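Here's the letter readout for the chains.
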Amino acid sequence: MDWIVQHLWLVPALPILAGGIIALLKQRHRVLAASLAIASMFLSFLLSLGAFVHLLSLGHGDGARMVVNFNWFQFGSEWVRLGWVLDPLTAVMLLMVTFISLLVFIYSVGYMAEDENSTRFFCFLALFAGAMLGVVIANSLLLLFMCWEVVGLTSYLLIGFWYANPKAAAAAKKAFIVTRIGDLAFFLGMAWLYAQTGTLLFFDGGAGCLERSALTALVAHTTIFGLTVSTGIGLLIFCGAAGKSGQLPLHVWLPDAMEGPTPVSALIHAATMVAAGVFLIARIYPLMSADIASLPALTPTVALQVVTWVGAATALFGSLVAVAQFDIKRILAYSTVSQLGYMMMGLGVGGVSVGMFHLITHAFFKSLLFLGAGSVIHGCSGEQDIRRMGGLRKFMPITFATYACGMLALCGFPLFFSGFWSKDEILHAAFAWSVSRTPFFMGAFGALLTAFYMTRQLCYMFAGSSRRAQISPMPAHGGHAAGDICHAHSPHESPAVMTAPLVILAAFAVFLGLIGAPSWPWFQSFLGGEPALLNFGAFSGVLPLMVASSLLVFLGLGLGWLLYHRKRIEDADARDALEKIQPDAFSVLGHAFYIDKLYDATIVRFNAALAYICDWLDRWVWSGAVQAFSYLVLALAWLDNFFDSKVVNAGFDAGCHTVSRGGRLLSFLQGGRVQSYLKMIGLALIVLVMLMLWGARA
Amino acid sequence: MSPLNAYLLLSALLFSIGLTGVLTRRNAILVLIGIELMLNAANLNFIAFWRYGPNPAALTGVMFAIFSIGIAAAEAAVGLGIILAVYRHTKTTDLDQINTMKG
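Residues numbered from 1 in each chain as written. Chains lettered and ligands numbered in written order. Predicted model: local features only at pLDDT ≥ 70, side-chain atom pairs only at ≥ 80, totals over all residues.

### Some words on the overall build of chain B
In plain terms, the rule: By definition, any uninterrupted DSSP run of H or I lasting at least four residues is a helix, any uninterrupted run of E lasting at least two residues is a strand, and each is numbered from the N terminus. Put simply, the radius of gyration uses C-alpha atoms, and a globule should come to 2.2 Å times the residue count raised to 0.38. A residue is called partly exposed when the number of other C-beta atoms within 10 Å of its own lies between 12 and 20, exposed at 12 or fewer, and buried at 20 or more, with C-beta atoms placed from the backbone. A residue pair is marked as a contact if its C-beta atoms, positioned from the backbone, fall within 7 Å.
Tallying secondary structure elements over chain B gives three helices and zero strands in all. Order of helices (α) and strands (β) in chain B, N terminus to C terminus: α-α-α. In summary, chain B has a C-alpha radius of gyration of 17 Å against a globular reference of 13 Å for 103 residues, an excess of more than 25%. Summarising its shape, the C-alpha atoms of chain B cover approximately 50 × 25 × 20 Å along the three principal directions. With 103 residues in all, chain B has 12% of them scored as buried. Of the contacts formed within chain B by residues at least 6 apart in sequence, a portion of 50% connects residues at least 24 apart.

### Concerning the overall build of chain A
The helix and strand tally for chain A stands at 27 helices and two strands. Its C-alpha atoms give chain A a radius of gyration of 37 Å, more than 25% over the compact-globule value 26 Å for 698 residues. Summarising its shape, the C-alpha atoms of chain A cover approximately 155 × 70 × 50 Å along the three principal directions. Buried residues in chain A amount to 50% of all 698 residues. Summarising the internal contacts of chain A: among those between residues at least 6 apart in sequence, 77% fall at separations of at least 24.

### Section: the nonpolar core
For the record, the criterion: By convention in this section, buried Ala, Val, Leu, Ile, Met, Phe, Trp, Tyr and Cys residues joined through C-beta atoms within 7 Å make up a nonpolar core.
With 218 residues, the main nonpolar core has A:Ala37, A:Met132, A:Ile281 and A:Ala509 as its most contacted residues. The element contributing the most residues to this core is helix H4 (residues 88-111) of chain A, with 17 residues. A:Met132 has contacts with A:Val97, A:Val151, A:Thr272, A:Met273 and A:Ala276, leaving out every residue within four places of it along the chain. If you look at the next biggest cluster of nonpolar residues, it comprises five residues, including B:Val22, B:Ala28, B:Val31 and B:Leu95.

### Some words on the packing of helix H16 (residues 352-379) of chain A against helix H21 (residues 496-511) of chain A
Residue and element names in this part refer to chain A. Heads up, the condition is: Fitted lines through C-alpha atoms give the axes, limited to the stretch in contact for helices. The angle between two N-to-C directions lies from 0 to 180 degrees. Throughout this description, any angle smaller than 35 degrees is read as roughly parallel, any larger than 145 degrees as roughly antiparallel, any in the 65 to 115 degree range as roughly perpendicular, and the remainder as oblique. Definitions for this section: a left-handed crossing has its near helix turned counterclockwise from the far helix by less than a right angle. A right-handed crossing has that turn clockwise. Classes in brief: Ala, Val, Leu, Ile, Met, Phe, Trp, Tyr, Cys and Pro nonpolar; Asp, Glu, Lys and Arg charged; the others, Gly included, polar.
Contact geometry of H16 with H21 gives a least axis separation of 9 Å together with a crossing angle of 150 degrees. Taken together, the axes of H16 and H21 are roughly antiparallel relative to one another. Considering the relative orientation of H16 and H21, their crossing is left-handed. In contact with Phe364, Phe365, Ser367, Leu368, Leu371, Gly372 and Ser375 of H16, H21 contributes Met498, Thr499, Pro501, Leu502, Leu505, Ala506, Phe508 and Ala509. Within the contact of H16 with H21, the residues separate by chemical class into eleven nonpolar, four polar and no charged.

### Details of helix H19 (residues 418-431) of chain A
What counts, and what does not: What a helix is expected to span follows from its residue count: subtract one and scale by 1.5 Å.
Taking 1.5 Å of rise per residue, 14 residues should cover 20 Å, and H19(A) covers 20 Å from first to last C-alpha, within 8% of that figure. A large share of H19(A) lies buried, amounting to 13 of its 14 residues.

### A few points about helix H18 (residues 397-411) of chain A
Residue and element names in this part refer to chain A. Taking 1.5 Å as the rise per residue, H18 with 15 residues should run 21 Å; its terminal C-alpha atoms sit 21 Å apart, in good agreement. Among the 15 residues of H18, eleven are classified as buried, and the element is accordingly described as predominantly covered. Those residues of H18 lying buried are Thr399, Phe400, Thr402, Tyr403, Cys405, Gly406, Met407, Leu408, Ala409, Leu410 and Cys411.

### What about the packing of helix H12 (residues 273-283) of chain A against helix H15 (residues 328-350) of chain A?
Residues and elements named next belong to chain A. The N-to-C vectors of H12 and H15 enclose an angle of 5 degrees; their axes lie 10 Å apart at closest approach. Classed by the angle they form, the pair H12 and H15 counts as roughly parallel. For the pair H12 and H15, the contacting residues are Val274, Val278, Ile281 and Ala282 in the first and Thr336, Leu340, Met343, Met344 and Leu347 in the second. Tallied by class, the residues present in the contact of H12 with H15 amount to eight nonpolar, one polar and no charged.

### Some remarks on the environment of A:Ser335
All names here are of chain A. Note that serine 335 resides in helix H15. Put simply, serine 335 and phenylalanine 593 are 258 residues apart on the chain and 15 Å apart in space, counted from C-alpha to C-alpha. When near neighbours in sequence (up to four residues on either side) are disregarded, serine 335 contacts Gly318, Ala322, Leu410 and Thr450.

### Section: unusual backbone geometry
Negative phi characterises most residues that are not glycine, and trans characterises most peptide bonds. Along the chain, A:Leu248 connects to A:Pro249 via a cis peptide bond; the corresponding omega equals -5 degrees. Tracing the backbone shows A:Pro249 in the loop between helix H9 (229-244) and helix H10 (253-256). Positive phi is not limited to glycine here, since B:Lys91 has a value of about 60 degrees. Along the chain, the position of B:Lys91 falls in the segment after helix H3 (60-90). According to the C-beta neighbour criterion, B:Lys91 is exposed, with 8 such atoms within 10 Å.

### Examining the interface of chain B and chain A
At the junction of the two partners, chain B supplies ten residues and chain A supplies ten residues. Looking at the side of chain B that touches chain A, its residues break down into five nonpolar, three polar and two charged.

### Focus on the pairing of strand S2 (residues 78-86) of chain A
Residue and element names in this part refer to chain A. Test applied: In this scheme, strands are said to pair when DSSP sees at least two bridges between them.
Across nine bridges, the pairing between strand S1 (residues 66-75) and S2 is antiparallel. If you follow valine 68 over to S2, its bridge partner there is tryptophan 84. Hairpin connection from S1 to S2: two residues lie between these consecutive antiparallel strands, with glycine 76 at a positive phi of about 60 degrees.

### Re the confidence of the model for chain B
Rule in force here: Here pLDDT means the predictor's own confidence in every residue, given as a number from 0 to 100.
On average, residues of chain B carry a pLDDT of 89, and 99% of them reach 70 or more. As scored by the predictor, the complex reaches a pTM of 0.74 and an ipTM of 0.78.

### With respect to the environment of A:Gly446
Residues and elements named next belong to chain A. Within the element layout of this structure, glycine 446 appears in helix H20 (residues 438-462). Judged by C-beta crowding, with 28 C-beta atoms within 10 Å, glycine 446 ranks as buried. As a C-alpha pair, glycine 446 and serine 335 span 111 residues in sequence and 10.0 Å in three-dimensional space. The contact partners of glycine 446, leaving out residues within four places of it in the chain, are Ala315, Leu316, Ser319 and Ser338.

### Observations concerning the environment of A:Thr402
Residues and elements named next belong to chain A. Of note, threonine 402 is situated in helix H18. With 25 C-beta atoms packed within 10 Å, threonine 402 lands in the buried category. Along the chain, threonine 402 and threonine 499 lie 97 residues apart, while their C-alpha atoms are 8.8 Å from each other.

### Considerations on the confidence of the model for chain A
All names here are of chain A. Here chain A shows a mean pLDDT of 84. Residues at 70 or above account for 91%. Within chain A, helix H2 (residues 10-23) carries the highest mean pLDDT (92), whereas helix H22 (residues 522-528) carries the lowest (74). A low-confidence stretch, residues 470-488 (pLDDT under 50), is modelled with 28 contacts involving residues beyond four sequence positions or located in other chains.

Okay, here's the thing in structure tokens:
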């Protein structure tokens, strides 16, 4: 076993250690805190790179999965075992997470420069990165779940980083509670899995829960509705993944999570944490796809069908809602929801490599977009409303260029941008899906909308002339912009520490797609453990579909350009071009189909009513019972006191008085004079003698 | 009157004189002297009962008397020591003054 495999635990341990040290630092050591976080992340990145290279050098085949398992603790006769695994999936995720984390950390130095709590920020960030890496390397569902929860916790802490802002505090709470709903199902699934297989290790030399013997046992049993047990467990775990990855109907926390600092949005709520759900499904893919051998091999399992439908619905929903948003980060948030839906759909229809490829490319261009948005917000001193931006191309050329790269990658602009290849692969797999073709059409329409809303956003932000001067100064968002007041009137380009990560990410957003293009599907074969072959012939099979999806993208871009660029947006308060055409539909979309309102009216209100009833019960019934009981005790105590003072005490006092009076009487006898005693003795002697004399005679 | 009766009368007289001294005197030393007198009355009884008793050949009475005299000497020494200590403490030998043991 190689050094790098044995010491893979260092990858998550280093950032967590750094986070622990940073927690002890004071604000005046902010430079040290930032350098610690960045240094630990850099070391983790190097280690991940080492692991990746090691895996590459091993070649292909079954040898490309190495696990280290160890005993954690014993209960009863069973050992709870944890461990980590190095396989292509882990290696790719490790590289992506460490690299993007590193860039975001560096970017944060610039973005958080004026925040007075930046050490706390870096502490949370480092802790998050460590926990996320823990999720990635875990070879045990239990270890994965623990890291998963730490990730959720740090997400909560970071969304609520500006906790003085009530919206941020509420968003943090919402994110925590909504993801908890999914995690409950996840936990149930985990417990069920343990009850069925007796192990939570993924790979354990043939005895793990994702290996053949366990899976055969799992599909052999059926539970309610004729589902196999593996499907039931898979669906429960998928609930957890849906909560974390913002799938319908648990997506509501993700747009609100944008109240956190923008680097957090980029790292956690776009690139890594929300991808953890997708990663989880990819990790347990053998469980999701396990099926009874007698069925025809091409029919996907119920679990995968659910994943596909949920993913497709989420993809369409997210892109529809993103069309009608005005907050720069909310657009990106709904776009993230939509793209996560694509990933899930990719997993469902095409397997691990399809979903993971989009996950990786999306991580790069979406973090790029968020960091770009952060740069814009930073440059506009806290402004987040795209209606009040405009004309930023002149002021922020680097940000504009990189943002445009990210935007084109997200839209899936043909050939040169990574999103094109990964999204196209998902659509292609969806087209070939044996169950239904509806997810394909949903995805294709979503792709059209994606191109449209990104063009709209870009036009609002960068084109035209500035609409800043028309509005009265807004209160600065959160805390970071407080120091920017001095140059509040002219948007400005961000410092190099912020633009450099943008440029690097932009390069990746453009070129990363090439490793997964149909002509040279290196990524897919790396995950699948096969050699990659250069084959331009593969294009011919997918060419019609590629042309079709390209046409869709061009249609979306053109529509956006038509509506938002041809006619200049001059007035910040003017109605949106789409709003003029369809005000009702636009309002529905703008409120995200009123799902938040629906939840407020049903679940939240139900919950509140329950809480009210509990409060009432507490206040009147339980509290009354407790009060009555306390009065009873008081009465008993009074009785006891009465008995004590009037009966016991009085009797005892009387006894004492008698004794002391008797003592006083007797003490007269002890006069202290020797001679009086002697007199007594003499008298007694005389009486004795007389008794002897006369008594004997009688 | 037999000689034994005479001795016993003498002894009783001696005892009564001693007891009277013990009970009436205020001075601790004189009380002690009274006690010595009572002891010697007892010794006289021992000797008299032995001399006129059934077995004058055995020297039991003399032995008793000699022991008693020895013990009396020791007792006198201890008694005088106590009186001395009390005197040092209270600066008096008047027994009526020494009543700190009063209950």
